[in-house]
Amino acid sequence: MENTAVAKQLKSKGRVIIKEGNGRLMEIIQPVSWTDSDSPKGVFLIFDLFQIRSLTEQFSEVSLDVVDFATKATIYHSPVNRVLQSGPIVDRKVKFSLIRNEYWNKLLFAFSQPVVFQEIKGQEADFETKERFPLYGPDVKEMYLSPDGDVKILKG
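Residues numbered from 1 in each chain as written. Predicted model: local features only at pLDDT ≥ 70, side-chain atom pairs only at ≥ 80, totals over all residues. Heavy atoms only, no water.

A closer look at the packing of helix H1 (residues 3-13) against helix H3 (residues 102-111)
Between H1 and H3, the least distance of the axes is 8 Å, while the angle of their chain directions is 45°. As summarised for this structure, H1 and H3 are arranged oblique, according to the angle between their axes. Here the hand of the crossing between H1 and H3 comes out right-handed. Facing H1, whose interface residues are Asn3, Val6, Ala7, Leu10 and Lys11, H3 presents Lys106, Leu107, Ala110 and Phe111. Looking at side-chain class alone, the contact of H1 with H3 contains six nonpolar, one polar and two charged residues. (Axes fitted to C-alpha atoms, helices over the stretch in contact; angles between N-to-C directions. Helix = DSSP H or I, 4+ residues; strand = E, 2+ residues; numbered from the N terminus. Parallel < 35°, antiparallel > 145°, perpendicular 65-115°, else oblique. Left-handed = near helix turned anticlockwise from the far one by under 90°. Contact = heavy atoms within 4.5 Å. Nonpolar A, V, L, I, M, F, W, Y, C, P; charged D, E, K, R; others polar.)

Remarks on the side chain of Ser97
Inspection of the secondary structure assignment puts Ser97 in strand S5 (residues 93-98). When its relative accessible area of 0% is taken as the criterion, Ser97 is described as buried. One polar contact links the side chain of Ser97 to the main-chain carbonyl oxygen of Thr74, over a distance of 2.8 Å. Not counting the four nearest positions on each side in its chain, Ser97 is found in contact with Val43, Phe44, Leu45, Ile46, Thr74, Ile75 and Leu135. (Buried < 20%, exposed > 50% of the residue type's maximum accessible area, 1.4 Å probe, protein only. Polar contact = N/O pair within 3.5 Å; in protein donor to acceptor, adjacent residues only side chain to side chain.)

Describing the sheet that holds strand S4 (residues 74-79)
Working definition: the strands of a sheet are paired by backbone hydrogen bonds and lie parallel or antiparallel to each other. Spatial strand order, S7-S1-S2-S6-S3-S5-S4-S8-S9: nine strands in an open sheet with mixed pairing. In this open sheet, the two edge strands, each paired with only one partner strand, are strand S7 (127-128) and strand S9 (151-155). Where strand S2 (residues 25-29) lies against strand S6 (residues 115-120), five bridges are found, and the strand directions are antiparallel. By the bridge assignment for S6, Ile28 is matched with Phe117. Across the sheet, helix H2 (residues 61-68) touches S4, S5, strand S8 (141-145) and S9, and the angle it forms with S8 is around 165°. (Pairing = 2+ DSSP bridges.)

Topic: the nonpolar core
Formed by 24 residues in total, the largest nonpolar core has its most connected members in Ile28, Leu45, Phe117, Phe133 and Leu135. Those elements giving two or more residues to this core turn out to be H1, strand S1 (15-19), S2, strand S3 (43-46), H3 and S6. Sorting elements by how many residues they give to this core places H3 first, with five residues. With residues up to four places along the chain from it excluded, the contact list for Leu45 reads Ile28, Ser97, Ile99, Leu108, Pro114, Val115, Phe117, Phe133 and Leu135. (Core = buried A, V, L, I, M, F, W, Y, C linked by side-chain atoms within 4.5 Å.)

Description of the confidence of the model for the chain
Averaged over the chain, the pLDDT score is 91; the fraction of residues at 70 or greater is 99%. Per-element confidence in the chain ranges from a low mean pLDDT of 85 for H2 to a high of 97 for S3. (pLDDT = per-residue confidence, 0-100.)

Here we look at the packing of aromatic side chains
This model, assessed by the stated rule, comprises seven aromatic pairs. Site record: aromatic cluster; members linked through ring pairs are Tyr103, Trp104, Phe117, Phe133 and Tyr136. Directly above the aromatic system of Tyr136 lies the positively charged group of Arg24, at a separation of 4.0 Å from the ring centroid. (Phe/Tyr/Trp six-rings, centres within 6.5 Å; stacked < 30°, edge-to-face > 60°. Lys NZ or Arg CZ within 6 Å of the ring centre and 35° of its normal.)

This is the structure in structure tokens:
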């Protein structure tokens, strides 16, 4: 699977289905292509810490440090940025994950903006890779981060 081919299809069609190393299907969607028929459980994927600003209210240094220094795959729940209009926004909150795995980080970098990830079943994959997606691991953590530095472990 070539990153540029995935990014090209994502830009042209707005979404792409990938069969990852565990055999699970994942759909990567441009936020503007996300619809109400997509899963509200979707997670924004980012490849760089500074992309958080486009998704959430401005974070305190404490909250940024929590994301920056995390060593395990983590999904963060935070209040949505008022300018974000498309994507899985539930109760004025978004979920996001900073993907550090080198393979998946490069894939996200090739598209160069936050995307939405959702797990799907029963469809044909556009691309296939042997690389396992980090958010499918058994030790994925979930935390709530507020803009003013409050941190709450939701799943740990």
